[in-house]
Amino acid sequence: MLPSRWQAFSSSIFSKMSQMAAAHQAVNLAQGFPDFDGPDVIKEAAIAAIRGAFNQYAPSTGLGELRRQLAQRQAAQYGLQYDFATEVTVFSGATEAIFCCMMGLCGPGDEVLTFEPFFDCYPAACAMAGAVLKTVPLKAPDWSFAIEDLRNAITERTRVLILNSPHNPSGKVFTRHELLSLAQLVQEKNLIVVTDEVYEELIFTPARHLPMARLDGMRDRTITISSTAKTFSLTGWKVGFAFAEKKLTELIRIPHQYTVFCSATPLQAGMIAAFQLGQEYFLDFRELYTRRRDTLLAILRRHGFVCKAPEGTYFITADYRSIRDVPDMEFATWLTEKVGVACLPISNFYLDAAAASANLRLVRFAFCKQIETLEAAGRLLQERLPEALAALKN
Ligand code: GLN
């Protein structure tokens with residue numbers, strides 16, 4: 001019997017859909033991981049670290065040189081100054097950082113706010129801290145929100161707003177105007193903002209990524225979390241990081257110290273090389289991802305999905321109503337099994353999955369794949385979708 005705090009949780013939808021994709025040899029556009037690896041220079045640096053003297057515990061806060069690089073990058077990229085000794089921490093992925101934030105900032109009964117749909121670790125992180133997650137809707141298809149909904153959801157117990165921009169699964173990038181309205185509210189209500197900015201480099205023109213910490217009065221009440229996973233196409237390395245004012249940093253370093261203690265030392269050493277890559281890497285990265293996005297958009301639209309180009313992330317949310325009007329899990333299972341293309345049902349990104357599934361006809365496709373993989377999915381849709389639909393009528 002699971003302890004009660006875990007009872008609302010089961011195997012993650014990412015694991016479920018990846019297993020289903022493997023079982024049916026489907027093209028896996030469900031779980032967001034690249035089917036290619038990041039730059040060799042990063043891998044070589046980690047290999048050299050393993051062959052060299054980087055195989056014992058790193059400092060719990062992260063290798064000093066990596067934190068120095070991270071602080072430099074945050075200053076150069078966004079004009080945000082952090083002291084690498086006291087305000088920058090390396091975590092085993094952004095997910096661990098989010099857990100440590102909830103553990104460090106919240107006590108039993110405290111409330112955390114976030115927008116819905118949301119990435120699936122937020123409720124779990126809150127539950128482990130004994131905190132209650134409350135949500136405010138982002139409304140499809142444009143994923144807008146009403147600041148009044150947020151204001152109405154804040155109570156005496158609200159401590160934290162988790163803000164994910166660029167946003168998974170919608171692909172929304174919060175605008176300056178939206179961020180300003182949020183900043184004003186959290187200052188008025190004295191909340192801490194924990195940001196999940198792991199898709200910060202996956203931005204498509206004309207969208208711009210603006211970290212919440214950049215806005216007036218926000219630096220010292222924001223914990224900025226990001227990761228190397230998406231930016232350097234090395235999701236399995238689980239090297240994430242957080243920037244926060246000294247006192248907030250102290251709070252999140254404690255749970256980190258007593259859980260993983262430190263992230264894998266040679267992988268941190270490898271990431272020092274990642275942050276030395278020049279601008280061409282990022283220009284190429286964006287150009288390639290724009291091509292991948294446009295390729296998948298064209299394929300999906302050709303086969304009857306209705307979808308907007310995402311402003312950021314490597315996900316497309318697609319309305320499948322004109323193909324089949326069934327709940328999203330049924331649609332995703334059918335598409336995986338009968339067509340050979342796996343996607344994710346969006347209802348899993350909602351607190352009330354049953355209600356979301358009744359109201360929405362949306363699935364998420366990941367385009368962090370080689371163009372050939374996306375084209376293979378296109379061919380499967382072309383060849384098998386008509387047959388699969390015809391079989392339903394018999
Ligand atoms: N962040 C990725 C996604 O949204 C994968 C997350 C995971 O597998 N836990 O698909």
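Numbering of residues begins from 1 in every chain and follows the order in which that chain's sequence is written. Totals for whole chains, interfaces and linings use every residue, but because this is a predicted model, local features are given only for residues with pLDDT of at least 70 and side-chain atom pairs only at 80 or more, for both listing and counting. Hydrogen atoms and water are omitted, and side-chain values are computed over all heavy atoms in the structure.

Looking now at the pattern of salt bridges. Each salt bridge in this description consists of a side-chain nitrogen of Lys or Arg and a carboxyl oxygen of Asp or Glu lying within 4 Å of one another. Scanning the model with the defined rule gives 19 salt bridges in all. Of the charged contacts, one joins Asp 325 and Arg 361 as a salt bridge, the two residues approaching to 2.6 Å between their closest N and O atoms. Placement of Asp 325 in the loop between strand 10 (315–319) and helix 11 (328–339) and of Arg 361 in the loop between helix 12 (353–359) and strand 13 (362–366) is noted, with a sequence separation of 36 residues between them. When a residue's accessible area, from a 1.4 Å probe over protein chains only, is under 20% of the maximum for its type it is buried; when over 50% it is exposed; and in between it is partly exposed. The exposure class of Asp 325 is exposed, given its relative accessible area of 55%. Counted as one network, the salt bridges with shared partners bring together Arg 73, Glu 200, Glu 201 and Arg 286. By definition, any uninterrupted DSSP run of H or I lasting at least four residues is a helix, any uninterrupted run of E lasting at least two residues is a strand, and each is numbered from the N terminus.

Another aspect to go through is the side chain of Glu 111. Positionally, Glu 111 belongs in strand 3 (residues 111–116). In this structure Glu 111 comes out as buried when scored by relative accessible area, which is 12%. Within the structure, the side chain of Glu 111 is placed 2.8 Å from the side chain of Thr 155, a separation counted as a polar contact. Contact partners of Glu 111, with chain neighbours within four places excluded, come to Val 132, Lys 134, Ala 153, Thr 155, Arg 157, Thr 158, Arg 159 and Val 160. Two N or O atoms count as a polar contact when they lie within 3.5 Å, although within protein this holds only if one can serve as hydrogen donor and the other as acceptor, and sequence-adjacent residues are included solely when both atoms are side-chain atoms. Every residue pair with non-hydrogen atoms within 4.5 Å of one another is taken to be in contact.

Okay, the nonpolar core next. In this text, buried Ala, Val, Leu, Ile, Met, Phe, Trp, Tyr and Cys residues form a nonpolar core when linked through side-chain atoms within 4.5 Å. Counting 136 residues, the largest nonpolar core has Met 102, Leu 182, Ile 223, Phe 232, Phe 305, Leu 335 and Phe 365 as the members making the most contacts within it. For this core, the element with the highest residue contribution is helix 10 (residues 279–302), accounting for eight residues. Among residues more than four places away in sequence, those in contact with Ile 223 are Cys 101, Leu 105, Val 193, Val 194, Thr 195, Ala 242, Phe 243, Ala 244, Leu 248 and Ile 252.

Okay, the site of the ligand next. In the vicinity of the ligand, the contacting residues are Phe 14, Gln 31, Gly 32, Phe 119, Asn 168, Tyr 199, Lys 230, Phe 315 and Arg 364. With respect to the ligand, the side chain of Gln 31 contributes an N or O atom lying 2.6 Å from an oxygen atom. For the ligand, an oxygen atom lies 2.8 Å from a polar atom in the backbone of Gly 32. Residue exposure ignores everything except the shown protein chains as possible cover, and the areas themselves are Shrake-Rupley values with a 1.4 Å probe. Here the ligand has 300 Å² of accessible area as a free molecule, and 78% of this is covered by the chains. Nearness is defined per residue: one heavy atom within 4 Å of the molecule or strand is enough.

Moving on, we come to the packing of aromatic side chains. Both the distance between ring centres and the angle between the ring planes are used here to describe each pair of aromatic rings. Note on aromatic contacts: the rings of Phe and Tyr and the six-membered ring of Trp form a pair at centre separations within 6.5 Å, being stacked when their planes are under 30 degrees apart, edge-to-face when over 60 apart, and tilted otherwise. Overall, the coordinates contain 28 aromatic pairs when judged by the stated rule. Between the aromatic rings of Phe 241 and Phe 275, the centroid separation amounts to 6.0 Å while the plane-to-plane angle is 80°, which identifies the pairing as edge-to-face. Of this pair, Phe 241 sits in strand 8 (residues 240–243) while Phe 275 is found in the loop between helix 9 (265–274) and helix 10, placing the two residues 34 residues apart along the sequence. The two residues Phe 241 and Phe 275 agree in class, both being buried. Ring centres of Phe 305 and Phe 365 lie 5.3 Å apart, and the angle between their planes is 80°; on these two criteria the pair is classed as edge-to-face. Placement of the pair is Phe 305 in the loop between helix 10 and strand 9 (306–307) and Phe 365 in strand 13, with a sequence separation of 60 residues. Each member of the pair, Phe 305 together with Phe 365, is buried.

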